[in-house]
Amino acid sequence: MNKFGFPNIGFGLGLRSKHFKHIIENKPDIDWFEIISENYMDSAGKPRETLDKIRADYPIAMHGVSLSIGSADELNKDYLKNLKALADDINPVWISDHLCWTGINKKNSHDLLPVPLTEEALNHIIPRIKQVQDFLGRNILLENPSSYLTYKADSIPEYEFMARMAEAADCALLLDVNNIFVACFNHRLDPKKYIDAIPMERVVQIHLAGHLNKETHIVDTHDAAVIDEVWDLYKYALGKAGHDISTMIEWDAKIPEFEVLEAELNKARTFSKEPFAEIPPRDEFKFDGQGNSNHSMLNLQNNLQDTILDGDIKSHAPETWVVEKPGFPASEQVQVYVKGYRIRLFKMIMADYEVTAHYLGKEKMEKTVREYIATTPSEFYDAGKFSEQFADWLSAQKIDKFAAELAELERDISIRYNLALSAPLLQEDLANLTPDDFMDMKLELLISATLKKFRHDVNSYYTEFYHGEDKPEKPPKTAGEFFLMIYRNEKNVYRLNLEKPEYQLLEIIQQTENIGEAMEKLSEISDLNEDELSAKIQQYFAKWLEHSILKAA
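In this text the structure is predicted, and so the values were computed from the model without any measurement.

**Structural notes on the overall build of the protein chain**
Counting its secondary structure elements, the protein chain contains 22 helices and 15 strands. When the backbone C-alpha atoms are referred to their principal axes, the protein chain occupies close to 90 × 50 × 45 Å. When contacts within the protein chain are restricted to residue pairs at least 6 apart in sequence, those whose partners lie at least 24 apart make up 78%. A total accessible area of about 24700 Å² is found for the protein chain, and carbon and sulfur atoms account for 48% of it. Within the protein chain, one finds 62 positive and 92 negative side-chain charges whose respective centroids are separated by 3 Å.

Shown next, in the form of structure tokens:
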């Protein structure tokens, strides 16, 4: 049993959207699920609604990627506030994150960057862990990282750093056995010695995953099955602990069908019951130049982040602050992070703006996205916000007005999924109202609804892309006025075309005290006569009630 009293909750999987439907409908025999905290922290919409359905049947653990406990920046108070709010709402069995940093100077790499393994960094991180635990009101778990470079300043073996950090900060540990294998290969450490050095009474959870061996180094890809050597380390770790530890399989890319994950998890169940596995020791050695640098933590983090963001590896002379390794020079070690940053954000934006990409064409869209990434460092802990910002950036470039409005439409549709539902105004709510009562009503749009005014008919192009028999050709460049309501109900996001007076009335309704005042203001700006306007307003209200887009204020 771990020293914190956290329960052993058995064998779990990472909760991924591909499997939501299967889990809800079939309730598979999985003991628990782990969520990526950031996927739910800023969502009051469909992701949270789905999570609530699943957590009604399964324990949930929260696993973060943006705490940035090792950053030279101050802790992000907004992040911590939102993290705590999520934890208070869903009551996870525990909260975990990584021994890493994600950015400094208010920027974010959306990667788990390596912490300098120095006394300075250790003394910096320990009080930050205590601060986080005090704020959350609970002990957190920190995971041993996978990393691809060795700083010249590194003077403490990673396993010693983890052990000393956990003891001094009194935090729990998430032992990623695959990361141990990766770290020991990349940094020439002994995996047996690594596990032996870990205070197993502090280990609350174990991760298992697949990786990609590139010969000079191993990349922690989470896109394949666990290899035999990692299973041996898993059995050895359980043997050292002397008891079962909550275990989960990570599979975050090239995600297979759920049955494949179940089979992999059943391997963990089986191996956990096998006898203690002994593993042979491996020689360790320091690389030439390791531990002989006086670079500060801040200096190293600036060096690495600047290299990642501008991509100009040579100008940052990584050979002066990263250890040269046989067959894997400093420049190539840094290149892993430079490429990873661009590929990660590029894939996300291309997936989020599929219609815009079709309109611009593959070559032009790819060039545009790469320019956005190269010129606009992310300042968000949630990578999704960086993707949302692309639409605004594209508009500011004034490259193609139709493309900018199309991207804006795609972005605003996506945002609706993360907004909460609210009780709509229904026909029966109006049944017993007198005319005066109706005119005195104050109405608002649903929280999940927004009004849009475009200069181009991007909605028709969007509709044809997804629902037409063929993908749309280039649209006419003629500008005009096109009015739209985008809103979400329980299942989907919808787009409702509006007439100009209808759009104007909905705008006015949100700015005035009651319906009567709104109608008066509309009559002042409308070209319709009184009878025509009255008939139109009746049509509009019938349409709005049918589509459930208004609510009482």
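More follows now that the structure is in view.
**Regarding the nonpolar core**
Within the largest apolar cluster, 136 residues are counted, with the highest numbers of intra-cluster contacts made by Phe-33, Met-165, Leu-208 and Tyr-234. A domain split of this core shows at least three residues from each of domain 1 (11-272) and domain 2 (423-552). When near neighbours in sequence (up to four residues on either side) are disregarded, Leu-208 contacts Val-177, Val-226, Val-230, Trp-231, Tyr-234, Thr-247, Met-248, Ile-249, Glu-250 and Ala-268. Judged by nonpolar contacts, the second largest core, of 29 residues, contains Leu-430, Leu-506, Ile-509 and Trp-544.

**Considering the packing of helix α7 (residues 177-187) against helix α9 (residues 228-241)**
Two elements in contact, α7 and α9, have axes separated by 9 Å at closest approach and are oriented at 115°. Here α7 runs over α9; the crossing is right-handed. Contact residues: α7 offers Val-177, Asn-178, Ile-180 and Phe-181, while α9 offers Glu-229, Val-230, Leu-233 and Tyr-234. When the residues that make up the contact of α7 with α9 are grouped by side-chain class, the tally is six nonpolar, one polar and one charged.

**Observations concerning α9**
With 14 residues, α9 should reach 20 Å at 1.5 Å per residue; the first-to-last C-alpha distance of 20 Å fits that figure. Within α9 the residues assigned to the buried category are Val-230, Trp-231, Leu-233, Tyr-234, Lys-235, Tyr-236, Ala-237, Leu-238 and Ala-241. Immediately downstream of α9, the backbone of Gly-242 shows phi near 80°, a positive value.

**A short note on the domain arrangement of the protein chain**
The extent of an interface is frequently quoted as the accessible surface area lost upon association of the parts. For the protein chain, the assigned domains are domain 1 (11-272) and domain 2 (423-552). Taking only C-alpha atoms into account, the centre of domain 1 sits 46 Å from that of domain 2.

**Regarding the pairing of strand β13 (residues 482-488)**
Within β13, six of the seven residues are buried, leaving the element largely enclosed by the surrounding structure. Alignment of strand β12 (residues 450-454) against β13, held across five bridges, turns out to be antiparallel. Along β13, the bridge assignment pairs Leu-451 with Met-485. In this structure, β13 lies alongside strand β14 (residues 493-498), joined through six bridges in antiparallel fashion. Within β14, the position partnered with Tyr-487 by the bridge is Tyr-494.

**Focus: helix α4 (residues 77-90)**
The terminal C-alpha atoms of α4, which comprises 14 residues, lie 20 Å apart, in line with the 20 Å expected from a rise of 1.5 Å per residue. Inspection of α4 places Tyr-79, Leu-80, Leu-83, Leu-86, Ala-87 and Ile-90 among the buried residues, and these make up the whole buried set. When α4 is viewed along its axis, its buried side chains cluster within an angular range of 125° and face the same direction. Exposed residues pointing more than 90 degrees away from the buried face of α4 are listed as Lys-77, Asp-78, Lys-81 and Asp-88. In the core, the buried residues of α4 are packed alongside β2 (32-36), α2 (38-41), α3 (46-55), β3 (60-63), β4 (95-98) and α5 (119-136). Residue Asn-76 occupies the N-cap position of α4, its side-chain oxygen lying 3.0 Å from the main-chain nitrogen of Asp-78. Following α4 by one or two positions, Asn-91 adopts a phi angle in the positive range, close to 50°.

**Some details on the packing of aromatic side chains**
If you walk through the whole model with that rule in mind, you get 24 aromatic pairs. For the ring pair Tyr-372 and Phe-386, a centre distance of 4.6 Å and an interplane angle of 20° mean the geometry is stacked. Of this pair, Tyr-372 sits in helix α14 (residues 362-375) while Phe-386 sits in helix α15 (residues 383-397), and the two are 14 residues apart along the sequence. Per residue, the accessibility class of Tyr-372 equals that of Phe-386, and both read buried. Three or more aromatic residues joined by ring pairs make a cluster, and in this case those are Tyr-353, Tyr-372, Phe-386, Phe-390 and Trp-393. Looking at Lys-3, its charged tip hangs above the ring of Phe-4, at a distance of 4.8 Å from the centre.

**Considering unusual backbone geometry**
Here Ser-68, not a glycine, exhibits a phi torsion of approximately 55°, which is positive. Judged by relative accessible area, which is 8%, Ser-68 ranks as buried. For Lys-254, which is not a glycine, the phi torsion comes out positive at approximately 50°. Mapped onto the elements, Lys-254 comes out in the loop between β10 (246-249) and α10 (258-272). You can call Lys-254 exposed: its relative accessible area is 68%.

**What about the side chain of Asn-303?**
Its location among the elements puts Asn-303 in helix α11 (residues 297-310). Leaving out residues up to four positions away in the same chain, Asn-303 has contacts with His-295 and Trp-321.

**Brief notes about the sheet that holds β14**
The sheet built from three strands is open, its strands ordered β12-β13-β14 with antiparallel pairing. Two strands lie at the open edges of the sheet, namely β12 and β14, each paired on one side alone. If you compare each strand with its neighbour and ignore which way they point, the axes differ by 25° on average. Running at roughly 140° to β14, helix α19 (residues 458-467) makes contact with β12, β13 and β14 of the sheet.

**Brief notes about the packing of α14 against α15**
In the contact formed by α14 and α15, the axes pass within 11 Å of each other and the chain directions differ by 105°. When the axes of α14 and α15 are compared, the pair comes out roughly perpendicular. Residues Met-365, Thr-368, Val-369, Glu-371, Tyr-372, Ile-373 and Thr-375 of α14 touch α15, and the partners they reach there are Phe-386, Gln-389, Phe-390, Trp-393, Leu-394 and Gln-397.

**Examining the environment of Glu-120**
Residue placement: Glu-120 occurs in helix α5. Through-space distance from the C-alpha of Glu-120 to that of Thr-376 is 31 Å; in sequence the pair is 256 residues apart. Filtering out sequence-adjacent residues up to four positions away, Glu-120 remains in contact with Ser-296 and Met-297.

**Brief notes about the pattern of salt bridges**
Tallying each qualifying case throughout the model produces 32 salt bridges. A salt bridge links Arg-411 to Asp-412; the nearest nitrogen and oxygen atoms lie 2.7 Å apart. On the basis of relative accessibility, which here comes to 11%, the residue Arg-411 falls in the buried class. For Asp-412, a relative accessible area of 6% translates into the label buried. Between Lys-551 and Glu-444 there is a salt bridge, with the nearest N and O atoms lying 2.8 Å from each other. Linking Lys-551 in strand β15 (residues 550-552) with Glu-444 in strand β11 (residues 443-445), this pair joins segments that are 107 residues apart in sequence. A relative accessible area of 31% places Glu-444 in the partly exposed class. Salt bridges sharing partners connect three or more residues here, namely Asp-392, Glu-408, Arg-411, Asp-412 and Lys-452.

What counts, and where the lines are drawn
Residues numbered from 1 in each chain as written. Predicted model: local features only at pLDDT ≥ 70, side-chain atom pairs only at ≥ 80, totals over all residues. Heavy atoms only, no water. Helix = DSSP H or I, 4+ residues; strand = E, 2+ residues; numbered from the N terminus. Contact = heavy atoms within 4.5 Å. Areas by Shrake-Rupley, 256 points an atom, 1.4 Å probe, with all protein chains shown as cover. Lys, Arg positive; Asp, Glu negative; His and termini not counted. Charge placed at Lys NZ, Arg CZ, Asp CG, Glu CD. Core = buried A, V, L, I, M, F, W, Y, C linked by side-chain atoms within 4.5 Å. Buried < 20%, exposed > 50% of the residue type's maximum accessible area, 1.4 Å probe, protein only. Domains from an automatic or database assignment. Axes fitted to C-alpha atoms, helices over the stretch in contact; angles between N-to-C directions. Left-handed = near helix turned anticlockwise from the far one by under 90°. Nonpolar A, V, L, I, M, F, W, Y, C, P; charged D, E, K, R; others polar. Expected span 1.5 Å × (residues − 1). Pairing = 2+ DSSP bridges. Arc of directions from axis to C-beta. Polar contact = N/O pair within 3.5 Å; in protein donor to acceptor, adjacent residues only side chain to side chain. Phe/Tyr/Trp six-rings, centres within 6.5 Å; stacked < 30°, edge-to-face > 60°. Lys NZ or Arg CZ within 6 Å of the ring centre and 35° of its normal. Parallel < 35°, antiparallel > 145°, perpendicular 65-115°, else oblique. Salt bridge = Lys/Arg side-chain N within 4 Å of Asp/Glu carboxyl O.

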